[in-house]
Amino acid sequence: MKAVIIGGGLTGLATAYYLGQAKPDWQICVYEQSHRFGGKVQTKRIDGYTVEMGPDSYLARKQDMTQFITDLGLGDKIVANATGQAYIYDQDRLYPIPGGSIVGIPTEFIPFAKSKLISWSGKLRAGLDYFKSPYPKQGDVSIGEFFKYHLGQEMMTKLIEPLLSGIYGGDIYSLSLDAVFPDFHRLEHKAGNLVKGMMQAKQARPVSHRPAKGVFRQVDGGLASIVDAVVAKMPANVRLIKNCQVTQLEYQGDVYRLGLIEKEQVKEVEADTLIITTPPRSYQSWFIKDKAFDAIRGMQQSTCAIAIMSFDADSFDAPIEGTGFVITRTTKTPLTACTYISKKWPKAAAPGKLVFRTFLGKPGDQTVQDHTPEELGQIALRELRKILGFTVNPLWIEVTQLKNSMPQYEVGHCQRIAKVKDHIHSTYPGLYLIGTPYYGVGMPDGVKQARELVAQLSKN
Ligand SMILES: Cc1cc2nc3c(=O)[nH]c(=O)nc-3n(C[C@H](O)[C@H](O)[C@H](O)COP(=O)(O)OP(=O)(O)OC[C@H]3O[C@@H](n4cnc5c(N)ncnc54)[C@H](O)[C@@H]3O)c2cc1C
(Lines give C-alpha, C1' and ligand atoms only; values in the text may rest on other atoms or scores of the structure.)
Protein backbone atom coordinates (compact mmCIF):
# COMPACT_ATOMS: atom_id res chain seq x y z
CA MET A 1 0.00 0.00 0.00
CA LYS A 2 1.33 3.43 -0.94
CA ALA A 3 0.18 6.38 1.16
CA VAL A 4 0.86 10.05 0.51
CA ILE A 5 0.48 12.80 3.09
CA ILE A 6 0.36 16.36 1.74
CA GLY A 7 1.73 18.99 4.13
CA GLY A 8 4.65 18.73 6.56
CA GLY A 9 3.17 20.89 9.31
CA LEU A 10 2.45 19.47 12.74
CA THR A 11 -0.69 17.65 11.54
CA GLY A 12 1.06 15.97 8.60
CA LEU A 13 4.08 15.00 10.69
CA ALA A 14 1.95 13.57 13.52
CA THR A 15 -0.06 11.56 10.98
CA ALA A 16 3.12 10.18 9.38
CA TYR A 17 4.63 9.32 12.75
CA TYR A 18 1.63 7.34 14.03
CA LEU A 19 0.72 5.83 10.64
CA GLY A 20 4.29 4.64 10.07
CA GLN A 21 4.13 2.79 13.38
CA ALA A 22 0.63 1.39 12.86
CA LYS A 23 1.30 0.22 9.28
CA PRO A 24 4.96 -0.88 9.07
CA ASP A 25 4.37 -2.56 5.69
CA TRP A 26 3.02 0.64 4.05
CA GLN A 27 5.27 3.01 2.08
CA ILE A 28 4.44 6.51 3.28
CA CYS A 29 5.59 9.79 1.70
CA VAL A 30 5.12 13.28 3.13
CA TYR A 31 5.36 16.14 0.61
CA GLU A 32 6.10 19.59 1.99
CA GLN A 33 6.30 22.57 -0.35
CA SER A 34 8.61 24.76 1.73
CA HIS A 35 12.28 24.32 2.63
CA ARG A 36 11.47 23.28 6.21
CA PHE A 37 9.03 21.16 8.19
CA GLY A 38 6.70 22.49 10.89
CA GLY A 39 4.34 24.69 8.84
CA LYS A 40 3.13 27.55 11.02
CA VAL A 41 5.29 26.46 13.94
CA GLN A 42 8.34 28.71 13.79
CA THR A 43 10.62 29.04 16.79
CA LYS A 44 13.51 31.51 16.64
CA ARG A 45 16.46 31.14 18.93
CA ILE A 46 18.32 34.45 19.22
CA ASP A 47 21.12 35.11 21.76
CA GLY A 48 19.57 33.23 24.65
CA TYR A 49 15.96 33.92 23.64
CA THR A 50 13.45 31.34 22.46
CA VAL A 51 10.61 33.12 20.75
CA GLU A 52 7.64 31.75 18.85
CA MET A 53 6.91 33.57 15.59
CA GLY A 54 3.76 31.45 15.01
CA PRO A 55 1.73 29.53 17.60
CA ASP A 56 3.03 30.01 21.13
CA SER A 57 1.59 27.21 23.29
CA TYR A 58 -1.39 24.88 23.62
CA LEU A 59 -4.22 24.37 26.07
CA ALA A 60 -3.32 21.82 28.73
CA ARG A 61 -6.76 20.21 28.68
CA LYS A 62 -6.19 19.18 25.03
CA GLN A 63 -4.61 15.86 25.93
CA ASP A 64 -3.75 14.62 22.42
CA MET A 65 -0.95 17.17 22.19
CA THR A 66 0.50 16.20 25.56
CA GLN A 67 0.31 12.54 24.50
CA PHE A 68 2.10 13.30 21.23
CA ILE A 69 4.89 15.22 22.99
CA THR A 70 5.22 12.41 25.53
CA ASP A 71 5.34 9.77 22.78
CA LEU A 72 8.25 11.72 21.27
CA GLY A 73 10.13 11.46 24.57
CA LEU A 74 9.71 15.15 25.47
CA GLY A 75 7.17 14.67 28.29
CA ASP A 76 9.60 15.92 30.93
CA LYS A 77 10.23 19.10 28.91
CA ILE A 78 6.60 20.28 29.09
CA VAL A 79 6.25 23.55 31.01
CA ALA A 80 3.23 25.54 32.20
CA ASN A 81 2.91 29.29 31.76
CA ALA A 82 3.36 31.69 34.67
CA THR A 83 0.10 33.44 35.52
CA GLY A 84 -0.69 37.00 36.48
CA GLN A 85 -3.09 39.84 35.90
CA ALA A 86 -4.10 40.38 32.26
CA TYR A 87 -5.59 43.64 31.01
CA ILE A 88 -7.97 45.08 28.44
CA TYR A 89 -6.93 48.27 26.66
CA ASP A 90 -9.96 50.37 25.76
CA GLN A 91 -9.59 53.79 24.05
CA ASP A 92 -6.69 55.13 26.15
CA ARG A 93 -6.61 53.06 29.35
CA LEU A 94 -5.63 49.63 30.60
CA TYR A 95 -8.25 47.91 32.80
CA PRO A 96 -7.65 44.66 34.71
CA ILE A 97 -9.78 41.80 33.36
CA PRO A 98 -12.27 41.17 36.21
CA GLY A 99 -11.36 38.11 38.29
CA GLY A 100 -13.67 35.10 37.87
CA SER A 101 -14.49 35.84 34.23
CA ILE A 102 -14.21 32.91 31.87
CA VAL A 103 -13.59 34.08 28.28
CA GLY A 104 -15.09 37.37 29.43
CA ILE A 105 -18.26 35.92 30.94
CA PRO A 106 -18.60 36.93 34.60
CA THR A 107 -19.01 34.06 37.07
CA GLU A 108 -18.26 36.03 40.25
CA PHE A 109 -20.23 39.07 41.34
CA ILE A 110 -17.76 41.20 43.35
CA PRO A 111 -14.81 41.48 40.92
CA PHE A 112 -17.24 42.14 38.08
CA ALA A 113 -19.16 44.81 40.07
CA LYS A 114 -15.89 46.54 40.98
CA SER A 115 -14.53 46.66 37.41
CA LYS A 116 -14.28 50.16 35.90
CA LEU A 117 -14.20 48.77 32.36
CA ILE A 118 -17.99 48.31 32.14
CA SER A 119 -20.51 51.04 33.01
CA TRP A 120 -23.23 50.37 35.61
CA SER A 121 -25.86 50.11 32.90
CA GLY A 122 -23.66 47.59 31.04
CA LYS A 123 -23.25 45.55 34.23
CA LEU A 124 -26.98 45.65 34.92
CA ARG A 125 -27.72 44.50 31.36
CA ALA A 126 -25.27 41.58 31.72
CA GLY A 127 -26.71 40.67 35.14
CA LEU A 128 -30.22 40.51 33.66
CA ASP A 129 -29.11 37.41 31.77
CA TYR A 130 -29.66 35.53 35.01
CA PHE A 131 -33.39 35.87 34.29
CA LYS A 132 -33.26 35.30 30.54
CA SER A 133 -34.15 32.19 28.58
CA PRO A 134 -31.88 30.44 26.07
CA TYR A 135 -31.14 32.09 22.71
CA PRO A 136 -34.49 31.94 20.88
CA LYS A 137 -33.36 30.87 17.37
CA GLN A 138 -32.84 27.18 16.68
CA GLY A 139 -29.65 26.02 14.96
CA ASP A 140 -26.30 27.70 14.55
CA VAL A 141 -25.77 31.39 15.32
CA SER A 142 -22.80 33.76 15.27
CA ILE A 143 -20.76 34.08 18.45
CA GLY A 144 -21.39 37.83 18.38
CA GLU A 145 -25.19 37.54 18.16
CA PHE A 146 -25.30 34.88 20.87
CA PHE A 147 -23.28 36.85 23.43
CA LYS A 148 -24.96 40.15 22.57
CA TYR A 149 -28.35 38.54 23.27
CA HIS A 150 -27.17 37.25 26.63
CA LEU A 151 -24.85 39.94 27.95
CA GLY A 152 -25.61 43.10 25.94
CA GLN A 153 -23.66 45.27 23.49
CA GLU A 154 -21.27 46.90 25.98
CA MET A 155 -20.06 43.58 27.40
CA MET A 156 -19.63 42.32 23.86
CA THR A 157 -17.51 45.26 22.72
CA LYS A 158 -15.40 45.69 25.81
CA LEU A 159 -14.85 42.19 27.13
CA ILE A 160 -16.09 39.29 25.04
CA GLU A 161 -15.03 40.44 21.56
CA PRO A 162 -11.38 41.31 22.35
CA LEU A 163 -10.96 38.09 24.33
CA LEU A 164 -12.67 35.70 21.94
CA SER A 165 -11.73 37.16 18.59
CA GLY A 166 -8.01 36.92 19.40
CA ILE A 167 -8.14 33.15 18.91
CA TYR A 168 -9.58 33.27 15.37
CA GLY A 169 -8.53 36.78 14.40
CA GLY A 170 -11.85 37.14 12.61
CA ASP A 171 -15.20 38.85 12.74
CA ILE A 172 -17.07 37.58 15.75
CA TYR A 173 -20.41 38.34 14.05
CA SER A 174 -19.73 35.78 11.32
CA LEU A 175 -18.00 33.02 13.34
CA SER A 176 -20.10 29.96 14.16
CA LEU A 177 -20.95 29.30 17.81
CA ASP A 178 -21.52 25.59 17.16
CA ALA A 179 -18.12 25.17 15.49
CA VAL A 180 -16.06 27.37 17.79
CA PHE A 181 -17.70 27.15 21.22
CA PRO A 182 -20.26 24.31 21.13
CA ASP A 183 -20.28 24.06 24.94
CA PHE A 184 -21.99 27.43 25.39
CA HIS A 185 -25.12 26.33 23.53
CA ARG A 186 -25.30 23.14 25.61
CA LEU A 187 -24.66 25.01 28.84
CA GLU A 188 -27.44 27.60 28.40
CA HIS A 189 -29.98 24.89 27.55
CA LYS A 190 -28.99 22.83 30.55
CA ALA A 191 -29.04 25.69 33.07
CA GLY A 192 -31.69 27.92 31.48
CA ASN A 193 -29.32 30.73 30.55
CA LEU A 194 -25.66 31.47 30.02
CA VAL A 195 -24.57 33.17 33.26
CA LYS A 196 -26.32 30.51 35.40
CA GLY A 197 -24.75 27.80 33.22
CA MET A 198 -21.26 29.23 33.64
CA MET A 199 -21.72 29.59 37.40
CA GLN A 200 -23.01 26.02 37.73
CA ALA A 201 -20.16 24.65 35.61
CA LYS A 202 -17.66 26.48 37.80
CA GLN A 203 -19.30 25.24 41.03
CA ALA A 204 -19.43 21.67 39.71
CA ARG A 205 -15.65 21.54 39.25
CA PRO A 206 -14.06 20.09 42.39
CA VAL A 207 -11.57 22.51 43.97
CA SER A 208 -8.78 20.01 43.22
CA HIS A 209 -9.59 20.37 39.49
CA ARG A 210 -9.15 24.14 39.51
CA PRO A 211 -5.71 24.67 38.02
CA ALA A 212 -2.99 25.77 40.42
CA LYS A 213 -0.77 26.71 37.47
CA GLY A 214 -1.34 28.26 34.07
CA VAL A 215 -3.56 26.52 31.54
CA PHE A 216 -1.08 26.78 28.65
CA ARG A 217 1.73 24.37 27.87
CA GLN A 218 4.99 24.73 25.95
CA VAL A 219 8.14 22.66 25.77
CA ASP A 220 11.55 23.80 26.94
CA GLY A 221 13.43 24.83 23.83
CA GLY A 222 10.27 25.94 22.04
CA LEU A 223 7.69 24.29 19.80
CA ALA A 224 10.29 23.63 17.10
CA SER A 225 11.71 20.98 19.47
CA ILE A 226 8.54 18.97 18.82
CA VAL A 227 9.07 19.28 15.06
CA ASP A 228 12.76 18.33 15.38
CA ALA A 229 11.87 15.32 17.57
CA VAL A 230 9.16 13.96 15.28
CA VAL A 231 11.40 14.33 12.22
CA ALA A 232 14.25 12.53 14.05
CA LYS A 233 11.99 9.70 15.27
CA MET A 234 10.07 9.13 12.06
CA PRO A 235 9.59 5.39 11.40
CA ALA A 236 11.78 3.90 8.64
CA ASN A 237 8.87 3.34 6.24
CA VAL A 238 8.17 7.13 6.07
CA ARG A 239 9.96 9.40 3.57
CA LEU A 240 9.92 13.11 4.33
CA ILE A 241 10.36 15.23 1.21
CA LYS A 242 10.83 19.01 1.42
CA ASN A 243 10.79 21.62 -1.38
CA CYS A 244 8.11 19.59 -3.11
CA GLN A 245 4.81 21.21 -3.99
CA VAL A 246 1.76 19.18 -4.94
CA THR A 247 0.33 21.16 -7.83
CA GLN A 248 -2.21 18.72 -9.25
CA LEU A 249 -4.45 16.04 -7.91
CA GLU A 250 -6.76 13.64 -9.65
CA TYR A 251 -8.63 10.47 -8.77
CA GLN A 252 -8.39 8.06 -11.71
CA GLY A 253 -9.62 4.51 -11.63
CA ASP A 254 -8.79 3.53 -8.09
CA VAL A 255 -5.62 5.56 -7.57
CA TYR A 256 -4.75 9.17 -6.82
CA ARG A 257 -2.39 10.80 -9.33
CA LEU A 258 -0.38 13.71 -8.00
CA GLY A 259 1.53 16.26 -10.02
CA LEU A 260 4.59 17.53 -8.13
CA ILE A 261 7.19 20.22 -8.58
CA GLU A 262 10.36 19.13 -6.81
CA LYS A 263 13.47 21.27 -7.22
CA GLU A 264 11.98 22.79 -10.39
CA GLN A 265 11.39 19.32 -11.86
CA VAL A 266 7.85 18.25 -12.72
CA LYS A 267 7.00 14.73 -11.53
CA GLU A 268 4.02 12.44 -11.16
CA VAL A 269 3.35 9.93 -8.40
CA GLU A 270 0.47 7.63 -7.46
CA ALA A 271 -1.07 6.80 -4.12
CA ASP A 272 -3.73 4.36 -2.87
CA THR A 273 -4.28 6.34 0.31
CA LEU A 274 -4.13 10.13 0.24
CA ILE A 275 -4.18 12.25 3.40
CA ILE A 276 -4.41 16.02 2.93
CA THR A 277 -3.46 18.25 5.87
CA THR A 278 -3.05 21.60 4.11
CA PRO A 279 -5.00 24.86 4.62
CA PRO A 280 -8.12 25.66 2.51
CA ARG A 281 -6.21 27.72 -0.09
CA SER A 282 -4.39 24.70 -1.50
CA TYR A 283 -7.70 23.30 -2.82
CA GLN A 284 -7.80 26.14 -5.39
CA SER A 285 -5.99 23.84 -7.82
CA TRP A 286 -7.21 20.45 -6.62
CA PHE A 287 -10.49 18.61 -7.43
CA ILE A 288 -11.47 21.61 -9.56
CA LYS A 289 -14.31 19.83 -11.34
CA ASP A 290 -15.92 18.70 -8.11
CA LYS A 291 -18.16 21.46 -6.73
CA ALA A 292 -18.41 19.74 -3.34
CA PHE A 293 -14.91 21.08 -2.58
CA ASP A 294 -16.15 24.67 -3.00
CA ALA A 295 -17.13 24.57 0.69
CA ILE A 296 -13.42 24.26 1.55
CA ARG A 297 -12.11 26.46 -1.27
CA GLY A 298 -14.51 29.23 -0.26
CA MET A 299 -13.45 29.42 3.38
CA GLN A 300 -12.18 32.84 4.46
CA GLN A 301 -8.78 33.01 6.15
CA SER A 302 -7.78 35.88 8.38
CA THR A 303 -4.46 37.70 8.22
CA CYS A 304 -2.26 38.88 11.06
CA ALA A 305 1.32 39.77 11.89
CA ILE A 306 3.33 39.08 15.01
CA ALA A 307 6.02 41.57 16.07
CA ILE A 308 8.28 40.50 18.91
CA MET A 309 10.64 42.97 20.56
CA SER A 310 13.08 42.88 23.44
CA PHE A 311 14.21 45.57 25.90
CA ASP A 312 16.53 45.89 28.86
CA ALA A 313 14.13 45.69 31.81
CA ASP A 314 16.10 48.20 33.89
CA SER A 315 15.84 50.88 31.20
CA PHE A 316 12.15 51.31 32.07
CA ASP A 317 11.33 54.01 34.67
CA ALA A 318 8.44 52.03 36.18
CA PRO A 319 7.89 48.24 36.25
CA ILE A 320 5.54 46.82 33.61
CA GLU A 321 2.74 45.16 35.56
CA GLY A 322 0.83 42.03 34.51
CA THR A 323 1.19 39.49 31.72
CA GLY A 324 -0.28 41.38 28.78
CA PHE A 325 -3.41 42.90 27.33
CA VAL A 326 -5.99 42.55 24.58
CA ILE A 327 -7.42 45.60 22.82
CA THR A 328 -11.05 46.45 22.10
CA ARG A 329 -11.84 46.63 18.38
CA THR A 330 -13.25 50.17 18.75
CA THR A 331 -9.87 51.50 19.96
CA LYS A 332 -7.98 53.25 17.16
CA THR A 333 -4.87 51.11 16.71
CA PRO A 334 -3.88 48.28 14.34
CA LEU A 335 -2.67 46.27 17.37
CA THR A 336 -5.05 43.64 18.77
CA ALA A 337 -3.07 42.24 21.70
CA CYS A 338 0.28 42.03 23.43
CA THR A 339 1.73 39.27 25.60
CA TYR A 340 4.69 39.94 27.88
CA ILE A 341 6.42 36.68 27.04
CA SER A 342 9.30 37.19 29.44
CA LYS A 343 6.63 37.02 32.17
CA LYS A 344 4.48 34.27 30.63
CA TRP A 345 7.50 32.07 29.83
CA PRO A 346 10.32 33.34 32.09
CA LYS A 347 12.77 30.76 30.71
CA ALA A 348 12.23 31.98 27.13
CA ALA A 349 14.08 35.27 27.68
CA ALA A 350 17.58 36.08 28.82
CA PRO A 351 17.69 37.39 32.43
CA GLY A 352 16.97 41.10 32.82
CA LYS A 353 15.11 41.40 29.51
CA LEU A 354 11.50 42.32 28.80
CA VAL A 355 10.12 40.65 25.69
CA PHE A 356 6.79 41.70 24.17
CA ARG A 357 4.86 39.74 21.54
CA THR A 358 2.39 42.02 19.78
CA PHE A 359 -0.34 41.13 17.27
CA LEU A 360 -1.49 43.30 14.39
CA GLY A 361 -4.46 42.85 12.08
CA LYS A 362 -8.19 42.99 12.55
CA PRO A 363 -11.14 42.58 10.17
CA GLY A 364 -11.42 45.50 7.74
CA ASP A 365 -7.94 46.85 8.58
CA GLN A 366 -5.28 46.57 5.84
CA THR A 367 -2.22 47.51 7.91
CA VAL A 368 -0.65 44.03 7.70
CA GLN A 369 -1.24 43.70 3.95
CA ASP A 370 -0.05 47.26 3.17
CA HIS A 371 3.29 47.28 5.02
CA THR A 372 6.61 45.48 4.95
CA PRO A 373 7.71 43.46 8.01
CA GLU A 374 10.17 46.25 8.96
CA GLU A 375 7.40 48.86 8.82
CA LEU A 376 5.08 46.64 10.85
CA GLY A 377 7.76 46.31 13.53
CA GLN A 378 7.99 50.12 13.77
CA ILE A 379 4.19 50.48 13.85
CA ALA A 380 3.97 47.93 16.67
CA LEU A 381 6.70 49.74 18.60
CA ARG A 382 5.02 53.14 18.15
CA GLU A 383 1.65 51.77 19.36
CA LEU A 384 3.17 49.90 22.29
CA ARG A 385 5.01 53.04 23.42
CA LYS A 386 1.72 54.93 23.34
CA ILE A 387 -0.14 52.26 25.34
CA LEU A 388 2.51 51.51 27.96
CA GLY A 389 3.96 55.04 28.06
CA PHE A 390 7.69 54.47 27.44
CA THR A 391 10.30 55.84 25.04
CA VAL A 392 13.05 53.21 25.37
CA ASN A 393 14.50 51.68 22.18
CA PRO A 394 14.27 47.91 21.64
CA LEU A 395 17.35 45.68 21.39
CA TRP A 396 15.77 43.90 18.42
CA ILE A 397 12.44 43.44 16.65
CA GLU A 398 11.39 40.30 14.76
CA VAL A 399 8.25 40.24 12.59
CA THR A 400 6.27 37.53 10.79
CA GLN A 401 3.39 38.23 8.47
CA LEU A 402 0.85 35.42 8.51
CA LYS A 403 -1.33 36.24 5.53
CA ASN A 404 -4.53 34.21 5.11
CA SER A 405 -3.37 31.99 7.93
CA MET A 406 -6.40 31.25 10.07
CA PRO A 407 -9.47 29.52 8.57
CA GLN A 408 -12.72 31.16 9.60
CA TYR A 409 -15.47 28.82 10.76
CA GLU A 410 -18.45 30.88 9.64
CA VAL A 411 -22.05 30.19 10.73
CA GLY A 412 -23.12 26.79 9.32
CA HIS A 413 -19.52 25.45 9.28
CA CYS A 414 -20.31 22.09 10.92
CA GLN A 415 -23.10 21.27 8.44
CA ARG A 416 -20.96 22.29 5.44
CA ILE A 417 -18.03 20.14 6.57
CA ALA A 418 -20.28 17.16 7.37
CA LYS A 419 -21.66 17.37 3.81
CA VAL A 420 -18.18 17.48 2.20
CA LYS A 421 -16.98 14.59 4.35
CA ASP A 422 -20.05 12.47 3.45
CA HIS A 423 -19.43 13.18 -0.22
CA ILE A 424 -15.75 12.20 0.06
CA HIS A 425 -16.61 9.04 1.95
CA SER A 426 -18.97 7.89 -0.79
CA THR A 427 -16.95 9.12 -3.83
CA TYR A 428 -13.24 8.93 -3.00
CA PRO A 429 -12.10 5.71 -1.30
CA GLY A 430 -8.82 6.17 0.54
CA LEU A 431 -9.02 10.00 0.66
CA TYR A 432 -8.90 11.70 4.07
CA LEU A 433 -8.94 15.43 4.83
CA ILE A 434 -7.70 16.59 8.23
CA GLY A 435 -6.23 19.75 9.73
CA THR A 436 -7.27 23.34 10.41
CA PRO A 437 -10.14 23.69 7.89
CA TYR A 438 -12.36 21.17 9.70
CA TYR A 439 -12.58 20.49 13.43
CA GLY A 440 -10.52 23.09 15.28
CA VAL A 441 -7.76 25.53 14.32
CA GLY A 442 -5.27 24.85 17.15
CA MET A 443 -2.21 22.58 17.11
CA PRO A 444 -3.82 19.97 19.39
CA ASP A 445 -6.86 19.81 17.10
CA GLY A 446 -4.64 18.78 14.17
CA VAL A 447 -2.81 16.20 16.29
CA LYS A 448 -6.14 14.83 17.57
CA GLN A 449 -7.45 14.43 14.01
CA ALA A 450 -4.17 12.70 13.04
CA ARG A 451 -4.44 10.24 15.94
CA GLU A 452 -8.12 9.53 15.26
CA LEU A 453 -7.46 8.92 11.57
CA VAL A 454 -4.63 6.48 12.28
CA ALA A 455 -6.84 4.66 14.82
CA GLN A 456 -9.54 4.37 12.13
CA LEU A 457 -7.06 3.12 9.48
CA SER A 458 -5.55 0.64 11.93
CA LYS A 459 -8.92 -1.15 12.19
CA ASN A 460 -8.87 -1.97 8.45
C1 LIG B 1 -0.96 33.81 14.31
C2 LIG B 1 -1.30 32.42 14.73
C3 LIG B 1 -1.17 32.08 16.07
C4 LIG B 1 -1.50 30.78 16.48
N5 LIG B 1 -1.36 30.46 17.79
C6 LIG B 1 -1.65 29.22 18.21
C7 LIG B 1 -1.41 28.84 19.56
O8 LIG B 1 -0.88 29.61 20.37
N9 LIG B 1 -1.76 27.58 19.94
C10 LIG B 1 -2.29 26.68 19.04
O11 LIG B 1 -2.59 25.54 19.44
N12 LIG B 1 -2.47 26.99 17.74
C13 LIG B 1 -2.17 28.24 17.31
N14 LIG B 1 -2.31 28.56 15.99
C15 LIG B 1 -2.79 27.53 15.06
C16 LIG B 1 -1.62 26.59 14.68
O17 LIG B 1 -0.61 27.35 14.08
C18 LIG B 1 -2.14 25.53 13.74
O19 LIG B 1 -3.18 24.81 14.35
C20 LIG B 1 -1.09 24.49 13.36
O21 LIG B 1 0.17 25.04 13.18
C22 LIG B 1 -1.59 23.82 12.10
O23 LIG B 1 -0.71 22.81 11.69
P24 LIG B 1 -1.02 22.04 10.34
O25 LIG B 1 0.06 21.09 10.13
O26 LIG B 1 -2.42 21.53 10.37
O27 LIG B 1 -1.03 23.20 9.23
P28 LIG B 1 0.19 24.10 8.74
O29 LIG B 1 1.10 24.43 9.83
O30 LIG B 1 -0.46 25.20 7.96
O31 LIG B 1 0.96 23.13 7.75
C32 LIG B 1 0.50 22.84 6.46
C33 LIG B 1 1.72 22.56 5.61
O34 LIG B 1 1.29 22.23 4.29
C35 LIG B 1 2.21 22.76 3.39
N36 LIG B 1 1.56 22.87 2.07
C37 LIG B 1 0.54 23.69 1.72
N38 LIG B 1 0.22 23.50 0.42
C39 LIG B 1 1.04 22.53 -0.05
C40 LIG B 1 1.18 21.89 -1.30
N41 LIG B 1 0.44 22.23 -2.36
N42 LIG B 1 2.12 20.92 -1.43
C43 LIG B 1 2.91 20.55 -0.38
N44 LIG B 1 2.82 21.14 0.84
C45 LIG B 1 1.89 22.10 1.00
C46 LIG B 1 2.58 24.11 4.00
O47 LIG B 1 3.80 24.61 3.49
C48 LIG B 1 2.64 23.76 5.47
O49 LIG B 1 3.93 23.41 5.89
C50 LIG B 1 -1.97 29.83 15.55
C51 LIG B 1 -2.09 30.18 14.19
C52 LIG B 1 -1.75 31.46 13.78
C53 LIG B 1 -1.89 31.81 12.34
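Bear in mind the structure is a predicted one, so any value in this text is a computation, not a measurement. For every chain, the first residue of its written sequence is number 1, and the numbers climb from 1 along that sequence. Totals for whole chains, interfaces and linings use all residues, but because this is a predicted model, local features are given only for residues with pLDDT of at least 70 and pairs of side-chain atoms are given and counted only at 80 or more. Calculated side-chain values reflect all of the structure's heavy atoms, with hydrogen atoms and water omitted.

### Here we look at the pairing of strand E18 (residues 324–327)
Moving on, step 1. In this scheme, a residue with accessible area under 20% of its type's maximum is buried, one over 50% is exposed, and one in between is partly exposed, where area comes from a 1.4 Å probe on protein chains only. Only DSSP runs of H or I reaching four residues or more are called helices, and only runs of E reaching two or more are called strands; each is numbered from the N terminus. Across the two faces of E18 the burial is the same, with Gly324 and Val326 and Phe325 and Ile327 all buried.
Moving on, step 2. Whether two strands pair depends on DSSP finding at least two bridges between them. For strand E7 (residues 86–90) and E18, the ladder comprises 4 bridges, and the chain directions are parallel. Bridged to Tyr89 within E18 is Ile327.
Moving on, step 3. Relative to strand E19 (residues 335–340), E18 runs antiparallel, the two sharing 3 bridges. Each residue of the ladder has a partner; that of Phe325, found in E19, is Cys338.

### Here we look at the domain arrangement of the protein chain
Moving on, step 1. Domain annotation for the protein chain reports domain 1 (2–39 + 228–299 + 409–459), domain 2 (98–209) and domain 3 (301–407).
Moving on, step 2. Contact with domain 1, which involves 7 residues of that partner, is made by 10 residues of domain 2.
Moving on, step 3. Between domain 1 and domain 2 the total buried area reaches about 680 Å² when both faces are included, carbon and sulfur atoms providing 66% of it.
Moving on, step 4. Within this document, salt bridges are pairs made up of a side-chain nitrogen of Lys or Arg and a carboxyl oxygen of Asp or Glu, the two lying within 4 Å of each other. Put simply, domain 1 and domain 2 have 0 salt bridges between them.
Moving on, step 5. Basically, the charged four are Asp, Glu, Lys and Arg, the nonpolar ten are Ala, Val, Leu, Ile, Met, Phe, Trp, Tyr, Cys and Pro, and anything else, Gly included, counts as polar. A class-by-class count of the residues in the side of domain 1 that touches domain 2 yields 4 nonpolar, 2 polar and 1 charged. Either an automatic procedure or a domain database provided the assignment from which the domain bounds are taken. Throughout, a contact is declared for two residues whenever any of their heavy atoms are within 4.5 Å. Two parts lose some accessible area (1.4 Å probe) when they are put together, and adding that loss for both gives the buried area.

### Quick look at unusual backbone geometry
Moving on, step 1. Here Asn243, not a glycine, exhibits a phi torsion of approximately 50°, which is positive.
Moving on, step 2. Take Asn243: it is sitting in the loop between strand E12 (238–241) and strand E13 (244–252).
Moving on, step 3. Its identity as a non-glycine residue notwithstanding, Phe287 has a phi of 50°, on the positive side.
Moving on, step 4. With respect to the helices and strands, the residue Phe287 is situated in the loop between strand E16 (273–276) and helix H11 (294–297).

### Focus: the sheet that holds strand E20 (residues 353–360)
Moving on, step 1. The sheet built from 7 strands is open, its strands ordered E8-E7-E18-E19-E20-E17-E21 with mixed pairing. Each edge of the sheet is formed by a strand with only one pairing partner; in this case those strands are strand E8 (93–96) and strand E21 (396–407). The mean angle between the axes of side-by-side strands here comes to 25°, regardless of whether they run parallel or antiparallel.
Moving on, step 2. Relative to E8, E7 is paired through 4 bridges, and the arrangement is antiparallel. Orientation is described by axes fitted as lines to C-alpha atoms, over the contacting stretch for helices, and by angles from 0 to 180 degrees between their N-to-C directions.

### Some words on the site of the ligand
Moving on, step 1. One heavy atom suffices: a residue is near a molecule or strand as soon as one of its heavy atoms comes within 4 Å of it. In the vicinity of the ligand, 32 residues are found, and the nearest of them are Thr11, Glu32, Lys40, Ser57 and Val441.
Moving on, step 2. At 2.6 Å from an oxygen atom of the ligand is found a side-chain nitrogen or oxygen belonging to Glu32.
Moving on, step 3. Residues adjacent in sequence count toward polar contacts only when both atoms are side-chain atoms; beyond that, a polar contact is any pair of N or O atoms within 3.5 Å, and within protein one must be able to donate a hydrogen and the other to accept it. At 3.3 Å, a backbone N or O of Gly442 approaches an oxygen atom of the ligand.
Moving on, step 4. Its free accessible area being 1,000 Å², the ligand has 89% of it covered by the protein chains.
Moving on, step 5. Taken together, the elements giving at least two residues each to the shell around the ligand come down to helix H1 (10–22), E13, strand E17 (301–312), E21 and helix H16 (443–459).
Moving on, step 6. Each residue belonging to the shell around the ligand can be placed in one class, and the counts come to 15 nonpolar, 14 polar and 3 charged.
Moving on, step 7. Both of domain 1 (2–39 + 228–299 + 409–459) and domain 3 (301–407) provide at least three residues apiece to the shell around the ligand. Each accessible area is a Shrake-Rupley result for a 1.4 Å probe, and residues are judged covered by the shown protein chains and nothing else.

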